Amino acid sequence: MTELAIGQVTARTGLSVHALRFYEKEGLLAAPVKRDSNGRRVYTEQDVDWLVNCTKFRASGMPLATIREFAGLVRQGPGNEEKRLELLREHQNTVRDRIAELADCLELISRKVEIYEEHVARGTADGLWR
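Remember, predicted model here, so these are calculated numbers, not experimental data.

Conventions and cut-offs
- What you see as residue numbers is a count from 1 along each chain, following the sequence as written.
- Side-chain atom pairs in this predicted model are given and counted only at pLDDT of 80 or more, local residue features only at pLDDT of at least 70, and totals for whole chains, interfaces and linings cover all residues.
- Values shown for side chains rest on all heavy atoms present in the structure; no hydrogens or waters enter the calculation.
- All the domain ranges listed were derived from an automatic or database domain assignment.
- Only C-alpha atoms enter the line fits that serve as axes; for helices the fit covers just the stretch in contact. Angles between N-to-C directions range over 0 to 180 degrees.
- For helices the rule is a DSSP run of H or I covering at least 4 residues; for strands it is a run of E covering at least 2, with both sets numbered from the N terminus onward.
- Should an angle fall under 35 degrees it is called roughly parallel, over 145 degrees roughly antiparallel, and 65 to 115 degrees roughly perpendicular, with every other angle called oblique.
- Two helices that cross are described as forming a left-handed crossing if the nearer one is turned anticlockwise from the farther one by less than a right angle, and a right-handed crossing if clockwise.
- Residue contacts follow a heavy-atom distance rule, with two residues in contact if any of their heavy atoms lie within 4.5 Å.
- Here the term charged refers only to Asp, Glu, Lys and Arg, the term nonpolar to Ala, Val, Leu, Ile, Met, Phe, Trp, Tyr, Cys and Pro, and the term polar to all other amino acids, Gly among them.
- When accessible area is computed with a 1.4 Å probe and restricted to protein chains, residues below 20% of their type maximum are described as buried, those above 50% as exposed, and intermediate ones as partly exposed.
- Nitrogen and oxygen atoms within 3.5 Å of one another constitute a polar contact, given that in protein one can donate a hydrogen and the other can accept it, and given that sequence-neighbouring residues count only through two side-chain atoms.
- Basic side-chain nitrogens of Lys or Arg form a salt bridge, by our definition, when they fall within 4 Å of a carboxyl oxygen of Asp or Glu.
- For each structure, a 1 Å grid was placed over the protein atoms alone; sets of points admitting a 1.4 Å probe that cannot get out are labelled cavities, open sets with protein on both sides within 12 Å along at least five of seven lines are labelled pockets, and lining residues have an atom within 4 Å of a point.
- Grid points are joined across faces, edges and corners, and a volume is the space filled by probe spheres set on the points.
- UniProt positions are given in the numbering used here, feature names are shortened, and annotations may be inferred rather than shown by experiment.

Caption draft 1: Broad picture of the domain arrangement of the chain. Entries for the chain in the domain assignment read domain 1 (3-77) and domain 2 (92-129). Once you take the C-alpha centre of each, domain 1 and domain 2 turn out to be 38 Å apart.

Here it is, written out as structure tokens:
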């Protein structure tokens, strides 16, 4: 099994050393981080995969508490897959709702851009929002 140093993991995940330590301290990892004979953290490919998932979860707005709960369920091992699925489905629905909300916002902004482009091209933009 390949062991990766913390610097290698930061390069592969985009997380800072501080963020990696934070994730570990907050119980967001699926497995305890191993240490080498000198006490330095060493990571596995599975740790990297998990961290990449966590960054996607966070980028999509998943609360740290939910990631912590999900990680805890994974650490417990088999038998709680239905609960894990429930957490993922809840977040999936949240993300879908947010995407729909953002699509609505984008539609409004796009209409405003068209209006402004037309007015700027005609030289009548000074009258907008008066």
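Caption draft 2: The arrangement of the packing of helix H4 (residues 64-76) against helix H5 (residues 81-122) in detail. Orientation of H4 relative to H5, taken along the N-to-C sense of each, is 160°, at an axis distance of 10 Å. Relative to H5, H4 is oriented roughly antiparallel. The two elements H4 and H5 cross, and the hand of that crossing is left-handed. The residues of H5 that touch H4, namely those facing Thr66, Glu69, Phe70, Leu73 and Val74, are Lys83, Arg84, Leu87 and Leu88. In terms of residue class, the contact of H4 with H5 is made up of 5 nonpolar, 1 polar and 3 charged.

Caption draft 3: Seen up close, the environment of Glu24. With respect to the helices and strands, the residue Glu24 is situated in helix H2 (residues 17-25). Classification of Glu24 as partly exposed rests on a relative accessible area of 24%. Distance from Glu24 to Gln46, taken between C-alpha atoms, is 14 Å for residues 22 residues apart in sequence. Excluding residues within four positions of it along the chain, Glu24 makes contact with Leu29, Val33, Arg35, Arg41 and Tyr43. Separated by 2.5 Å, the side chains of Glu24 and Arg41 make a polar contact.

Caption draft 4: Representation of the pattern of salt bridges within the structure. Scanning the model with the defined rule gives 10 salt bridges in all. Measuring nitrogen to oxygen at the nearest pair gives 2.8 Å for the salt bridge that ties Arg68 to Glu26. Of this pair, Arg68 sits in helix H4 while Glu26 sits in the loop between H2 and strand S2 (34-35), and the two are 42 residues apart along the sequence. In this structure Arg68 comes out as partly exposed when scored by relative accessible area, which is 29%. Overall, Glu26 belongs to the partly exposed group, its relative accessible area being 24%. We note a salt bridge from Lys83 to Glu69, for which the minimum N-O separation is 3.6 Å. In this pair, Lys83 sits in helix H5 while Glu69 sits in helix H4, placing the two residues 14 residues apart along the sequence. Taken together, the shared-partner salt bridges in this structure form one network comprising Glu24, Arg35 and Arg41.

Caption draft 5: Region of interest: the layout of surface pockets. Of the volumes computed, that of the largest pocket is approximately 200 Å³. Residue lining of the largest pocket: Met1, Ala30, Ala31, Pro32, Lys34, Thr44, Gln46, Asp47, Asp49 and Trp50, and that is the complete set. Taken together, the residues that form the lining of the largest pocket break down as 5 nonpolar, 2 polar and 3 charged.

Caption draft 6: Structural detail: the UniProt feature "domain: HTH merR-type" (unreviewed entry) in the chain. Taking the UniProt record as the reference, the feature "domain: HTH merR-type" (unreviewed entry) is found at residues 1-73. Taken end to end, residues 1-73 is 58% helix and 10% strand, and its two terminal C-alpha atoms sit 24 Å from one another.

Caption draft 7: Layout of the packing of helix H3 (residues 45-59) against H4. The N-to-C vectors of H3 and H4 enclose an angle of 150°; their axes lie 10 Å apart at closest approach. Between H3 and H4, the angle is such that the two are roughly antiparallel. Two packed elements cross with a definite hand, and for H3 against H4 that hand is right-handed. Where H3 approaches H4, its residues Trp50, Cys54, Phe57 and Arg58 are matched on the opposing element by Leu64, Ile67, Phe70, Ala71 and Val74. For the contact of H3 with H4, the per-class residue count stands at 8 nonpolar, no polar and 1 charged.

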